[in-house]
Amino acid sequence: MKQRKLRKLKLKKKVNSNRVILSLVSLVLGFMVAFSFRVTQDESNNGKGLTNKQWEQHLNLRNELIDQEEKNRELQKELNAKQEKVRKIETNLSKEAQVFFNMAEDAEKYRMFLGKVKVSGKGVKVTLADGEYDPDEENINNYLVHEHHVFKVINELYISGAAAIAVNGQRISHNSYVLCTGPVITVDGYQHPAPFEITAIGDPNVLSSALNITGGIKDQLVNDQIVFTMEEMDDIKMDPILGN
């Protein structure tokens, strides 16, 4: 009986010993498999796991990518250079356009001064009329409007920036002349009786201020017994000088 129990005990110990050994072997095998998988994965990530053909394709694609990037850089440099060239051309064209615009603007101003084009705009109208008859005044010329009175107004208007001037509707040009013939004045060969309306296109505020300045043209004409009136106009029209 005792021998049978002793055999069972030895058998149990042997089985337990085998289980421990088997467990250790399994543990070692598991570690080896995991380590082998990790090494294989690292080699695959490093390209060592690729076949020669795959590695060659990978290398070719990598080289093509590098070449393409280099070409892109060269094309970008070329594009930048062309954009800079276009920018310089645009700058030069804008300068030329401004020059042409200024020339056209100056030409239009010259046409206006020469009376070659019809013009319209804001401005002022100055009326010069003979003074009231004075029986005690021996010389009638002392209260009549003369050409120098008209000249004073015209000159002051031009100095103040008037773009175009007319006397009784007749345009004044760069070579116009005004003569006094008794009670009338002659402008470029055409006679005009008093009162004389002098219209000027320009900034109404500037023109009126220039004529109304203390001691200026208005005061001088009033001192010469001339009836002076002035009004600002919103729309003055002047036809070109015929045959000019």
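The coordinates are above.
Residues numbered from 1 in each chain as written. Predicted model: local features only at pLDDT ≥ 70, side-chain atom pairs only at ≥ 80, totals over all residues. Heavy atoms only, no water.

Draft legend 1. Summary view of the environment of Cys180. Residue position: Cys180 is located in strand β4 (residues 178-181). Under the relative-accessibility criterion, Cys180 is labelled partly exposed at 28%. Remark: the alpha-carbon pair of Cys180 and Gln191, spanning 11 residues in sequence, is separated by 9.2 Å. Those residues in contact with Cys180 that lie beyond four places of it in its chain are His146, Glu147 and Ile185. (Helix = DSSP H or I, 4+ residues; strand = E, 2+ residues; numbered from the N terminus. Buried < 20%, exposed > 50% of the residue type's maximum accessible area, 1.4 Å probe, protein only. Contact = heavy atoms within 4.5 Å.)

Draft legend 2. Representation of unusual backbone geometry within the structure. The amide bond that connects Ala194 to the next residue, Pro195, takes the cis arrangement and shows omega of 0 degrees. Even without being a glycine, Gln225 presents a positive backbone phi close to 70 degrees.

Draft legend 3. Representation of the sheet that holds strand β2 (residues 164-167) within the structure. If you trace the five strands from one edge of the open sheet to the other, you get β3-β2-β7-β1-β8, paired in antiparallel fashion. Of all the strands in the sheet, just β3 (170-171) and β8 (227-238) have a single pairing partner and so form its edges. On the sheet, helix α4 (residues 204-212) packs against β1 (119-129), β7 (196-201) and β8 and is oriented at approximately 160 degrees with respect to β8. (Pairing = 2+ DSSP bridges. Axes fitted to C-alpha atoms, helices over the stretch in contact; angles between N-to-C directions.)

Draft legend 4. Quick peek at the pairing of β1. Of all 11 residues making up β1, nine are buried, and the element is well covered by its neighbours. As judged from the 10 bridges shared by β1 and β8, these two strands associate in the antiparallel manner. Bridging across to β8, Val126 finds its partner in Met230. Direction of pairing for β1 relative to β7: antiparallel, over a ladder of six bridges. From the neighbouring strand, Val126 faces β7, where its bridge partner is Ile198.

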